[in-house]
Amino acid sequence: MSGERAAGGESSGDDPIGGEWPLLRLLTEVIGSGPKTADDMSYDQAREGFARVLAGDPDPETLGAFLLANRWKESAPEELAGFVDAMRELSVEPAAPDADPVDCGGNYDGKRKTAVLGVASGLVAAAAGTPVVAHSGPALPAKYGTTYGDVLAELGVPTDLAPAESAAMVDEVGFGYYAQSRFNPLVDERRPARESVGVRTSINTVETLANPADASVHFGSFYHLSYAERIAGTVRESRELPFERVVMAQGIEGYDDVRPGTTRVAEWTADSGTEGGEITDDTVETEALGVAFEREDLRVDDLPADSARVTEEVLSGEREGPVADAVALNAGFRIYAGGDAESVGEGVERARDALADGSAADRLDALRAFEP
């Protein structure tokens, strides 16, 4: 008999966590009464609850109800911090490179309509002197789209790497990839349950913050500003994450490929002079940066193959115009996030230089030549 079933009214001594808050109790006493009347969990309750999720303790029905209840009421930053810290403590095996890269954990459910630009822009940023880390796993609900790992596989780059091998890739290439199954195995094992639920849950949020390289900067994306504020608040409330800065921009398809036009940007810095760090937001006009592309310019048919082809053509200089502009913009954001440019515009200029002088193409060659 599991500890979770025991919490439903029977006595059992085999609770693998040994805390006071089995998921069934959290559901019935805290979060399960609906989006308007549910309470938020405390940090400690959330940390214990997610530890139970990772331990595989709850039965499938209770786990599904717990995940959906959190989705309906929207998790607060303190709750997400508890989830993240349980994940970092129990599942994540970080491997820090000598470099301090920008962490990019694009949503693990991927993209379905437009090219994934993160590999190309990460390599351009690396060529400009800003190391970048990407992490993902096989596609998940709700989109089951194309992710970083899919594009790298199409490029012939090894992706099934131990964390230490991923760290070596960062130091050798300037761009590195961490596979969820290798650095975050307990979350990876929850895939069947997440597929049975079929919609995004809090796990989709916290896995993007796993930070396998122990980076000090996270770059991500949002649709509504409230989500960016929630992510920054989660980092601020976390007791385990080493992030000192978060930069987020409005992305395409919920991914960390920045959208064109008027784009909102949110930032959080731990040492901003205010208690806990201040979360600020601003707007960037991409055309003012000399970047001219539309979302339709990025539409492709075979996402993994076409995203890999875009990466090759832009970095080699064979493809200019709107798609190259989109890559330069996204590289510029990474350069800015990493602190190697005073503004996104300066970052874009540095990205253009790396494309023009061939150093970005050299980074792609180095990535393909990497041997674990």
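Our structure is the block above this text.
I will try to describe carefully the structure that is included in this document. (Residues numbered from 1 in each chain as written. Predicted model: local features only at pLDDT ≥ 70, side-chain atom pairs only at ≥ 80, totals over all residues. Heavy atoms only, no water.)

## Regarding the side chain of Thr 130
Okay, step 1: Among the structural elements, Thr 130 can be located in the loop between α6 (118-127) and β2 (132-136).
Okay, step 2: Given a relative accessible area of 1%, Thr 130 falls into the buried group.
Okay, step 3: When near neighbours in sequence (up to four residues on either side) are disregarded, Thr 130 contacts Val 102, Ala 125, Gly 174, Arg 334, Ile 335, Gly 338 and Asp 340. (Helix = DSSP H or I, 4+ residues; strand = E, 2+ residues; numbered from the N terminus. Buried < 20%, exposed > 50% of the residue type's maximum accessible area, 1.4 Å probe, protein only. Contact = heavy atoms within 4.5 Å.)

## A closer look at the environment of Ala 125
Okay, step 1: When you line up the elements, Ala 125 lands in helix α6.
Okay, step 2: Separated by 210 residues in the primary sequence, Ala 125 and Ile 335 place their C-alpha atoms 5.8 Å from one another.
Okay, step 3: Leave out the neighbours within four places in its chain, and Ala 125 touches Thr 130, Val 132, Ala 331, Arg 334 and Ile 335.

## Here's the deal with the packing of aromatic side chains
The geometry of an aromatic ring pair is captured by two quantities: the separation of the ring centres and the angle between the planes.
Okay, step 1: Applying the stated criterion across every chain, the model contains 5 aromatic pairs.
Okay, step 2: Between the aromatic rings of Phe 219 and Phe 333, the centroid separation amounts to 6.0 Å while the plane-to-plane angle is 35°, which identifies the pairing as tilted. Note that Phe 219 is positioned in strand β4 (residues 217-222) and Phe 333 in helix α15 (residues 322-337), a separation of 114 residues in sequence.
Okay, step 3: The exposure class assigned to Phe 219 is buried, which follows from its relative accessible area of 1%.
Okay, step 4: Classification of Phe 333 by relative accessible area gives buried; the value is 0%.
Okay, step 5: Clustering of aromatic rings is evident, with ring pairs tying together Phe 50, Phe 66 and Phe 83.
Okay, step 6: Arg 239 extends its terminal NZ or CZ atom over the ring of Tyr 43, reaching a point 3.7 Å from the ring centre. (Phe/Tyr/Trp six-rings, centres within 6.5 Å; stacked < 30°, edge-to-face > 60°. Lys NZ or Arg CZ within 6 Å of the ring centre and 35° of its normal.)

## Section: the environment of Ser 42
Okay, step 1: Here Ser 42 shows up in the loop between α2 (23-31) and α3 (43-55).
Okay, step 2: In this structure Ser 42 comes out as partly exposed when scored by relative accessible area, which is 31%.
Okay, step 3: Along the sequence, Ser 42 and Leu 26 sit 16 residues apart, while their C-alpha atoms lie 11 Å from each other.

## Some details on the sheet that holds strand β3 (residues 175-179)
Okay, step 1: Taken together, the 7 strands give an open sheet; going across it, the order is β3-β2-β1-β4-β5-β6-β7, and neighbouring strands pair in mixed fashion. The sheet terminates laterally at β3 and β7 (279-285), the two strands that pair on one side only. With direction set aside, neighbouring strand axes in the sheet form an average angle of 25°.
Okay, step 2: Here 5 bridges tie β2 to β3, and the two strands are oriented parallel to one another. When the sheet's bridge partners are listed, Ala 134 is paired in β3 with Tyr 177.
Okay, step 3: Packing of helix α13 (residues 225-237) onto the sheet brings it into contact with β4, β5 (245-250), β6 (262-269) and β7, and relative to β6 it is tilted by some 15°. (Pairing = 2+ DSSP bridges. Axes fitted to C-alpha atoms, helices over the stretch in contact; angles between N-to-C directions.)

## A few points about the nonpolar core
Okay, step 1: Ranked by internal contacts, the top residues of the largest apolar core, which has 64 residues, are Val 124, Phe 175, Phe 219, Leu 315 and Phe 333.
Okay, step 2: Here the element with the most residues in this core is α15; it accounts for 11 residues.
Okay, step 3: Apart from residues lying up to four places away in sequence, Val 124 is in contact with Leu 315, Val 327, Ala 331, Ala 351, Ala 354, Leu 355 and Ala 360.
Okay, step 4: Within the second largest apolar cluster, 51 residues are counted, among which are Val 92, Tyr 108, Ile 203 and Val 246. (Core = buried A, V, L, I, M, F, W, Y, C linked by side-chain atoms within 4.5 Å.)

## Notes on helix α14 (residues 303-316)
Okay, step 1: When the terminal C-alpha atoms of α14 are compared, their 20 Å separation across 14 residues agrees well with the 20 Å that a helix rising 1.5 Å per residue should span.
Okay, step 2: Of all the residues in α14, the buried ones are Leu 303, Asp 306, Ser 307, Ala 308, Val 310, Thr 311, Val 314 and Leu 315.
Okay, step 3: For α14, the secondary structure elements touched by its buried residues are α6, α7 (148-154), α15, α16 (344-356) and α17 (359-369).
Okay, step 4: Looking one or two places after α14, you find Gly 317, whose phi comes out positive at around 90°. (Expected span 1.5 Å × (residues − 1).)

## Digging into empty space enclosed by the protein
Okay, step 1: Overall, the coordinates contain 1 cavity of 30 Å³ or more when judged by the stated rule.
Okay, step 2: Estimates place the volume of the largest cavity at around 90 Å³.
Okay, step 3: Taken together, 13 residues make up the lining of the largest cavity; nearest its centre are Gly 105, Asn 107, Thr 208, Gly 220 and Ser 221.
Okay, step 4: Breaking the lining of the largest cavity down by element, the ones donating at least two residues are β4 and α13.
Okay, step 5: Take the lining of the largest cavity: its biggest share by element is 3 residues, from β4.
Okay, step 6: Across the lining of the largest cavity, the residue classes tally to 4 nonpolar, 8 polar and 1 charged. (1 Å grid on protein atoms, 1.4 Å probe; cavity = no way out; pocket = protein on both sides within 12 Å on 5 of 7 lines; lining within 4 Å. Points joined across faces, edges and corners; volume = space filled by probe spheres on them. Nonpolar A, V, L, I, M, F, W, Y, C, P; charged D, E, K, R; others polar.)

## Some points on α17
For an α-helix, 3.6 residues make a turn, and residues three or four places apart therefore share a direction.
Okay, step 1: Ser 359, Ala 360, Leu 364, Ala 366 and Leu 367 are the residues of α17 that are buried. Across the axial projection of α17, the buried residues extend over an arc of 160°, all falling on one side.
Okay, step 2: Lining the buried residues of α17 we find α6, α7, α8 (163-173), β3, α14 and α16. (Arc of directions from axis to C-beta.)

## Quick notes on a negative patch on the surface
Okay, step 1: A surface patch of negative charge is lined by Glu 349, Asp 353, Asp 357, Asp 362 and Asp 365.
Okay, step 2: Position of Asp 357 relative to the elements: it lies in the loop between α16 and α17. (Patch = residues over 30% accessible without salt bridge, like charges linked within 9 Å, V, L, I, M, F, W, Y side chains within 5 Å. Areas by Shrake-Rupley, 256 points an atom, 1.4 Å probe, with all protein chains shown as cover. Salt bridge = Lys/Arg side-chain N within 4 Å of Asp/Glu carboxyl O. Lys, Arg positive; Asp, Glu negative; His and termini not counted. Charge placed at Lys NZ, Arg CZ, Asp CG, Glu CD.)

## A few points about the layout of surface pockets
Okay, step 1: Each pocket or cavity is described by its volume, and for the largest pocket that value is around 800 Å³.
Okay, step 2: Around the largest pocket, the lining is made up of 29 residues, and of these Asn 107, Arg 200, Tyr 223, Tyr 227 and Arg 230 lie nearest the centre.
Okay, step 3: Elements with a minimum of two residues in the lining of the largest pocket: α4 (60-73), α12 (202-207), β4 and α13.
Okay, step 4: Taken together, the residues of the lining of the largest pocket break down into 8 nonpolar, 12 polar and 9 charged.
Okay, step 5: If you add up the space inside the second largest pocket, you get close to 160 Å³.
Okay, step 6: Considering the residues around the second largest pocket, the lining is formed by Val 314, Gly 317, Arg 319, Glu 320, Gly 321, Ala 324, Asp 325, Ala 328, Arg 352 and Leu 355.
Okay, step 7: Secondary structure elements with two or more residues in the lining of the second largest pocket: α15 and α16.

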